[in-house]
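Structural description and commentary
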Amino acid sequence: MVELDAASLDLARFIRPGDTVVVAQASSEPLTLAEALVAQAERLGAITVFIGANWSDTFAPDRAPGFRYVSYGALGANARLARAGRLDVVPCHYSQLPWLFESGTWRADVVLIGLSPATDGAMTLGPSHGYA
């Protein structure tokens with residue numbers, strides 16, 4: 001298994017200013033990738049970050065001031081972003097999320113997701129892949 005190092009990832013190879021980056025939620029939240037995203041915020045420029053329910057401190061209100069955060073709710077750690085006025089909550093039913101992305105109503109230029117460790121050469125989305 002290859003361990004990712006947030007310091008060695010160059011996300012600017014994949015993310016451009018103006019892009020929308022969708023981050024998987026709950027147990028599929030890719031903590032190393034999310035930390036790299038925030039650490040490289042100045043280099044990445046103004047992007048929109050779609051986040052679902054998360055419980056990490058990665059997307060704290062005082063980090064990545066150029067990012068715009070969007071979610072379907074102020075769930076978990078997102079409540080801090082909402083209280084700080086940094087989270088746009090788009091009202092919709094959770095069940096509509098896959099359709100909103102598939103139809104292009106909501107953009108997904110880059111998707112960050114955590115995968116299970118490889119077993120017999122295969123990785124899976126794990127127990128909680130949700131909208132991702």
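The preceding data block contains the structure.
Now for a look at the structure at hand. What you see is a predicted model, and the numbers here were worked out from it, not measured in a lab.

Rules behind the numbers
Residues numbered from 1 in each chain as written. Predicted model: local features only at pLDDT ≥ 70, side-chain atom pairs only at ≥ 80, totals over all residues. Heavy atoms only, no water. Helix = DSSP H or I, 4+ residues; strand = E, 2+ residues; numbered from the N terminus. Buried < 20%, exposed > 50% of the residue type's maximum accessible area, 1.4 Å probe, protein only. Lys, Arg positive; Asp, Glu negative; His and termini not counted. Salt bridge = Lys/Arg side-chain N within 4 Å of Asp/Glu carboxyl O. Polar contact = N/O pair within 3.5 Å; in protein donor to acceptor, adjacent residues only side chain to side chain. Contact = heavy atoms within 4.5 Å. Phe/Tyr/Trp six-rings, centres within 6.5 Å; stacked < 30°, edge-to-face > 60°. Core = buried A, V, L, I, M, F, W, Y, C linked by side-chain atoms within 4.5 Å. Pairing = 2+ DSSP bridges. Axes fitted to C-alpha atoms, helices over the stretch in contact; angles between N-to-C directions.

Here Asp-19 lies in the segment before strand E1 (20-23). Among buried charged residues, Asp-19 stands out as having no salt bridge; its nearest opposite-charge side chain is Arg-107, 4.1 Å away. Looking at Asp-19, its side chain comes within polar contact range of the main-chain nitrogen of Arg-16, at 2.8 Å. Not counting residues up to four positions away in its chain, the partners in contact with Asp-19 are Phe-14, Ile-47, Thr-48, Arg-107, Asp-109 and Val-110.

Turning our attention to the packing of aromatic side chains. Where two aromatic rings form a pair, the distance of their centres and the angle of their planes describe that pair. Enumeration according to the criterion identifies nine aromatic pairs in this entry. The interplanar angle of 50 degrees and the centroid separation of 5.1 Å between the aromatic rings of Phe-50 and Trp-106 together place this pair among those described as tilted. In this pair, Phe-50 sits in strand E2 (residues 48-51) while Trp-106 sits in the loop between helix H4 (97-102) and strand E5 (110-112), placing the two residues 56 residues apart along the sequence. Considered together, Phe-50 and Trp-106 belong to a single accessibility category, that of buried residues. Pairing Phe-50 with Tyr-131 gives two aromatic rings, centres 5.2 Å apart and planes at 90 degrees, and the pair type is edge-to-face. In this pair, Phe-50 sits in strand E2 while Tyr-131 sits in the segment after E5, placing the two residues 81 residues apart along the sequence. An aromatic cluster of three or more residues is present, and its members are Phe-50, Tyr-72, Tyr-94, Phe-101, Trp-106 and Tyr-131.

With that settled, the discussion passes to the nonpolar core. One finds Leu-37, Val-49, Phe-59, Phe-67 and Tyr-69 to be the most contacted residues of the largest nonpolar core, which totals 24 residues. Contributions of two or more residues to this core are made by E1, helix H1 (31-39), helix H2 (41-44), E2 and E5. Take this core: its biggest share by element is five residues, from H1. Listed in part, the ten residues of the second largest apolar core include Phe-50, Tyr-72, Leu-100 and Phe-101.

Strand order in this open sheet of five strands is E4-E3-E2-E1-E5, and the pairing throughout is parallel. The open sheet is flanked by strand E4 (87-89) and E5, the only strands paired with a single partner. Strand after strand, the sheet turns through a mean of 25 degrees between neighbouring axes, direction not considered. For E1 and E5, the ladder comprises three bridges, and the chain directions are parallel. Among the inter-strand pairings, Val-23 is bridged to a residue of E5, identified as Leu-112.

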